[in-house]
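Structure at a glance
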Amino acid sequence: MSEAFPFSNSAELNEWHQGITMANRNNIFCHCGSCQYEWVDSLENAVCQKCGSQDV
């Protein structure tokens, strides 16, 4: 196995992939209707991080 490989075995690699899959499932693309700021959040009722608007 290559020294550059960051996982000591395939189980660790699979666990990492599962974590990424779960994070992607929970991420929501947000767009503020007031200031046009865009970000990714995991909250359905997110408030704009830039201006505080609830028009998201």
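A few points on the structure.

1. A short note on the overall build of the protein chain
- Secondary structure assignment for the protein chain yields one helix and two strands.
- Ordered by position from the N terminus, the helices and strands of the protein chain form the series α-β-β.
- For 56 residues, the compact-globule formula gives about 10 Å, and the C-alpha radius of gyration of the protein chain, at 17 Å, lies well above that figure.
- C-alpha extents for the protein chain along the principal axes are approximately 50 × 20 × 10 Å.

2. Quick word on the pairing of strand β2 (residues 38-41)
- Taking every second residue as pointing to the same face, the buried face of β2 carries Trp39 and Asp41, while none of Glu38 and Val40 on the other face is buried.
- In this structure, strand β1 (residues 28-31) lies alongside β2, joined through four bridges in antiparallel fashion. Looking at the pairing, His31 lines up with Glu38 of β2.
- With antiparallel pairing between neighbouring strands as the criterion, β1 and β2 make up a hairpin whose turn holds six residues, including Gln36 at a positive phi of roughly 70°.

3. Here's the deal with the nonpolar core
- Cys30, Cys32, Trp39, Ala46 and Cys48 together form the largest nonpolar core, which totals five residues.
- Apart from the residues within four sequence positions on either side, Cys32 is in contact with Tyr37, Trp39, Cys48, Cys51, Ser53, Asp55 and Val56.

4. Let's talk about the state of the cysteines
- Taken as a whole and assessed by the stated rule, the structure comprises zero disulfides.
- Cys30 takes part in no disulfide bond, and the closest cysteine sulfur to it belongs to Cys48, at a distance of 9.2 Å.
- For Cys30, a relative accessible area of 4% corresponds to the buried category.
- Free of any disulfide, Cys51 has its nearest neighbouring cysteine sulfur in Cys32, separated by 3.8 Å.

Here is what the cut-offs are and how they apply
Residues numbered from 1 in each chain as written. Predicted model: local features only at pLDDT ≥ 70, side-chain atom pairs only at ≥ 80, totals over all residues. Heavy atoms only, no water. Helix = DSSP H or I, 4+ residues; strand = E, 2+ residues; numbered from the N terminus. Rg over C-alpha atoms; globule rule 2.2 N^0.38 Å. Buried < 20%, exposed > 50% of the residue type's maximum accessible area, 1.4 Å probe, protein only. Pairing = 2+ DSSP bridges. Core = buried A, V, L, I, M, F, W, Y, C linked by side-chain atoms within 4.5 Å. Contact = heavy atoms within 4.5 Å. Disulfide = S-S within 2.5 Å.

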